[in-house]
Amino acid sequence: MVAKSRPATKKTTAEVRPTKKARIEDSVSRKIKHRTTKTSNEEPTVSVQYKGKQKADQNIVKNLSSAVLPLTFKIVAGSYEKLLYGLEGSTSIENDEVKFHLKPMFIFPAHVSCIKAVAASPGGKWLATGSADEIVKVWDLKRKKEIGGLMHHEGSITTLLFPSRSHLVSASEDGTIGIFHARDWSVLRTLRGHKGHVNSVDVHPSGKVALSVGKDRMLRMWDMMRGRGVASVKLGKEGEIVRWSTDGEMFAVQSGKEIDIYGTDMSLLYSITHPSRLHDIKFCKRAHHDGQVLLASAEDKKVSIYDFLPLPGQPTASDSGDNKESSPKIVAELVGHGNRVKALQTLNISLSSPPPSTLPTTDTSAIRRHPHSTTIVSTVSSDGKINVYDLGHLHEFNAGKISIQEIQPVATYDTKGTRLTCVTLGEGEIGNENVTGKRNRERQEVEEDDDEESAEDEEWGGVGADEEAEEEEGEEDEEEESD
């Protein structure tokens, strides 16, 4: 069945006109209402304010995400040959070591043209694929069936992402950004403002604002609560990818070999010139240590891992003309590909635990060898291989260490020469020993149903039903008073 996306009505469609230049910091402060607090010997932290039921829902999601991680994972990769590859990944303990396993789930032609973007929703229920055929297809990843096609755009799909279980965001070469409701796949908003292709879009961790870059060499900021543009800045070069950091304190814009990292006040924090042409970047938290790193895949057949040095408070690129000493440094490289690395994705997973008899409680070294969770990185390359890496192998930063650590893949799937273009990671079975089999499936379905039922009441992703209703009532009251 092919489900055409329904045109948004006058009430739900907001056409965005190009806005005047504005400070990103002011817009972020106004839209996500963050406050920065400092304590002794601690880095600044951002506290996002929520209201009523939304605040409770956010706390529930936060507790679930920190306590329950998937024990298995799914990798979905697209290709120039129109083929969609699906793999199921799992872990086991063998000879006192964690082993990763990949098993094919499906391989089939999903579009009539090359696949350019894929995205899996939190929880792993939905899969979205975008192609040069201008169609966004939606799949039920758990039941392995097609739901329908969203024929909303009039250009190739460039970006897809699920900021939440209930919303899908798409970007296209037609110059627009679409926001869809995952309950009925209706169009909630169509964001217009870019004069040309939209190359990339990313949503702030709070879910309330988004950034996009395009061929018009503009960086645009969007209010996801109301579905309209709030700021625009001339970059002077075409931004190909934009990514928020994990804490939302900064964002990166990639163009060619260059990566510029900005604060929310648009101050240039770091400027990186990579040795070769870049294809993808992503911020990621360290698996077993504090801090975050920046992953960068490129033409040099590997993924470079940048650590942010110096620490916050030390001079940055904006403080002096010479930024060589203050730029992030490459501390490790993910190797194993034989051609350019086109895309990467990360996911936190729970690891299989060894039998209690093989893990003495008095042996602290054994406990360290078997952490409960880790972060995996999946990469795809023009060499036809899908690699999986364990970021738990990344060493803790040592200021006196000069050599760059090489990290080998823990699992590889060879498509035998298919030119892979994009990849996403989806959650599999929940890694909770007390919830198995039927109870596991029931629990996940209940969580998803609850999320879908509460989506209409949330003020996220352009829904903002309560706020819009209040604004409309206020306008009506003003009109009555004027009459």
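Quick caveat, the model's predicted, so the values are computed rather than measured. (Residues numbered from 1 in each chain as written. Predicted model: local features only at pLDDT ≥ 70, side-chain atom pairs only at ≥ 80, totals over all residues. Heavy atoms only, no water.)

**Comments concerning the overall build of the chain**
Here's step 1: Along its length, the chain carries 5 helices and 31 strands.
Here's step 2: Buried positions account for 52% of the 483 residues belonging to the chain.
Here's step 3: Contacts spanning at least 24 positions in sequence make up 57% of the contacts within the chain whose residues lie at least 6 apart.
Here's step 4: A total of about 23,000 Å² of accessible surface is found on the chain, and carbon and sulfur atoms cover 47% of it. (Helix = DSSP H or I, 4+ residues; strand = E, 2+ residues; numbered from the N terminus. Buried < 20%, exposed > 50% of the residue type's maximum accessible area, 1.4 Å probe, protein only. Contact = heavy atoms within 4.5 Å. Areas by Shrake-Rupley, 256 points an atom, 1.4 Å probe, with all protein chains shown as cover.)

**Focus: the pattern of salt bridges**
Here's step 1: Tallied over the full model, the rule gives 15 salt bridges.
Here's step 2: The salt bridge partner of K103 is E88, with a shortest N-O separation of 3.8 Å. Residue K103 is found in strand β5 (residues 97-109), and its partner E88 is found in strand β4 (residues 83-94); the two are separated by 15 residues along the sequence.
Here's step 3: A residue is classified by how much of its surface remains accessible, and E88, at 25% relative accessible area, is partly exposed.
Here's step 4: A salt bridge links D140 to R143; its shortest N-O distance comes to 3.0 Å.
Here's step 5: Residue classification places D140 among the buried residues on the basis of a relative accessible area of 3%.
Here's step 6: A single network of salt bridges, built from pairs that share partners, joins K125, D140 and R143. (Salt bridge = Lys/Arg side-chain N within 4 Å of Asp/Glu carboxyl O.)

**Describing the sheet that holds strand β11 (residues 167-172)**
Here's step 1: The sheet built from 4 strands is open, its strands ordered β10-β11-β12-β13 with antiparallel pairing. In this open sheet, the two strands that pair with only one neighbour each are β10 (157-164) and β13 (187-192). When strand polarity is set aside, the average angle formed by the axes of neighbouring strands in this sheet is 15 degrees.
Here's step 2: As paired strands, strand β12 (residues 176-181) and β13 are joined by 5 bridges and run antiparallel to one another. Note on β13: the bridge partner recorded for T176 is R192. (Pairing = 2+ DSSP bridges. Axes fitted to C-alpha atoms, helices over the stretch in contact; angles between N-to-C directions.)

**Focus: the confidence of the model for the chain**
Here's step 1: Model confidence for the chain is summarised by a mean pLDDT of 77, while 66% of its residues fall at 70 or above.
Here's step 2: Ignoring residues within four places in sequence, the model shows residues 1-27, a span with pLDDT below 50, making 68 contacts including any to other chains.
Here's step 3: Contacts from residues 310-324, a stretch scored under 50 in pLDDT, to residues over four places away or in other chains number 20 contacts. (pLDDT = per-residue confidence, 0-100.)

**A few points about the pairing of strand β20 (residues 258-263)**
Here's step 1: Most of β20 sits inside the fold, with 5 of its 6 residues counted as buried.
Here's step 2: With 6 bridges joining them, strand β19 (residues 250-255) and β20 adopt antiparallel strand pairing. The residue bridging F251 from the neighbouring strand is Y262, located in β20.
Here's step 3: Counting the residues that bridge the hairpin from β19 to β20 gives 2 residues, and of these G256 lies at a positive phi of roughly 65 degrees.
Here's step 4: Of the pairings in the sheet, the one linking β20 to strand β21 (residues 268-273) comprises 5 bridges and is antiparallel in character. Looking at the pairing, E258 lines up with T273 of β21.

**So, the nonpolar core**
Here's step 1: Residues F73, I75, F100, I349, I376, V380 and I386 are the most contacted members of the largest nonpolar core, which totals 19 residues.
Here's step 2: Mapped onto this core, the elements with two or more residues apiece are β3 (73-79), β4, β26 (341-350), β27 (373-381), β28 (385-390), β30 (411-414) and β31 (420-427).
Here's step 3: Apart from residues lying up to four places away in sequence, I349 is in contact with L69, P70, F73, T91, F100, H372, S373, T374 and I376.
Here's step 4: Counting 16 residues, the second largest nonpolar core, distinct from the first, contains F283, L294, A296 and Y306. (Core = buried A, V, L, I, M, F, W, Y, C linked by side-chain atoms within 4.5 Å.)

**Description of the pairing of strand β9 (residues 145-150)**
On a regular strand, each side chain points to the face opposite its neighbour's, so the side chains alternate between the two faces of the sheet.
Here's step 1: Note that strand β8 (residues 136-140) and β9 share 5 bridges and pair antiparallel. By the bridge assignment, W139 is partnered in β9 with E146.
Here's step 2: Between the antiparallel neighbours β8 and β9 lie 4 residues, among them K144 with a positive phi of about 55 degrees.

**Quick notes on the environment of L235**
Here's step 1: Tracing the sequence through the fold places L235 in the loop between β17 (228-234) and β18 (241-244).
Here's step 2: Look at L235 and you get buried, because its relative accessible area is 17%.
Here's step 3: Separated by 19 residues in the primary sequence, L235 and D216 have C-alpha atoms spaced 9.3 Å apart.
Here's step 4: Those residues in contact with L235 that sit more than four places away from it in its chain are V213, R217, M218, L219, V253 and Y262.

**Considerations on the sheet that holds strand β23 (residues 292-298)**
Here's step 1: The 5 strands lie next to each other as β22-β23-β24-β25-β29, forming an open sheet whose pairing is mixed. Edge positions in the open sheet fall to β22 (278-285) and β29 (405-407), since each of these has one partner strand only. Taken pair by pair, the neighbouring strands of this sheet meet at an average axis angle of 25 degrees, ignoring direction.
Here's step 2: As paired elements, β22 and β23 share 7 bridges and run antiparallel to each other.

**Observations concerning unusual backbone geometry**
Here's step 1: Of note in this structure, K82 is not a glycine but carries a positive phi near 75 degrees.
Here's step 2: Of the residues examined, K82 reaches a relative accessible area of 35% and is grouped as partly exposed.
Here's step 3: The phi torsion at R217 lies on the positive side, around 65 degrees, for a residue other than glycine.
Here's step 4: Here R217 is to be found in the loop between β15 (209-214) and β16 (218-223).

**Notes on the side chain of S378**
Here's step 1: With respect to the helices and strands, S378 occurs in strand β27.
Here's step 2: Assessed through its relative accessible area of 1%, S378 is described here as buried.
Here's step 3: Setting aside chain neighbours within four positions, we find S378 in contact with I75, A343, L344, Q345, I386, N387, V423 and L425.

**Here we look at the environment of D140**
Here's step 1: Turning to its location among the elements, D140 is positioned in strand β8.
Here's step 2: In this structure the C-alpha to C-alpha distance between D140 and W126, which are 14 residues apart in sequence, comes to 5.0 Å.
Here's step 3: With near-sequence residues (within four places) excluded, D140 lies in contact with K125, W126, K145 and I147.
Here's step 4: Polar side-chain contacts of D140 include one of 3.4 Å to the side chain of K125. (Polar contact = N/O pair within 3.5 Å; in protein donor to acceptor, adjacent residues only side chain to side chain.)

**Details of the packing of aromatic side chains**
Here's step 1: Inspection of the entire model under this criterion finds 5 aromatic pairs.
Here's step 2: Taking 5.6 Å as the distance between ring centres and 55 degrees as the angle between the ring planes, the aromatic pair formed by F106 and F108 counts as tilted.
Here's step 3: Judged by relative accessible area, F106 falls into the buried class, the value being 15%.
Here's step 4: The class of F108 is partly exposed, set by a relative accessible area of 25%.
Here's step 5: These aromatic residues form a ring-pair network of at least three members: F106, F108 and W139.
Here's step 6: One residue, K125, lies across the ring of W126, its end atom 4.7 Å from the ring centre. (Phe/Tyr/Trp six-rings, centres within 6.5 Å; stacked < 30°, edge-to-face > 60°. Lys NZ or Arg CZ within 6 Å of the ring centre and 35° of its normal.)

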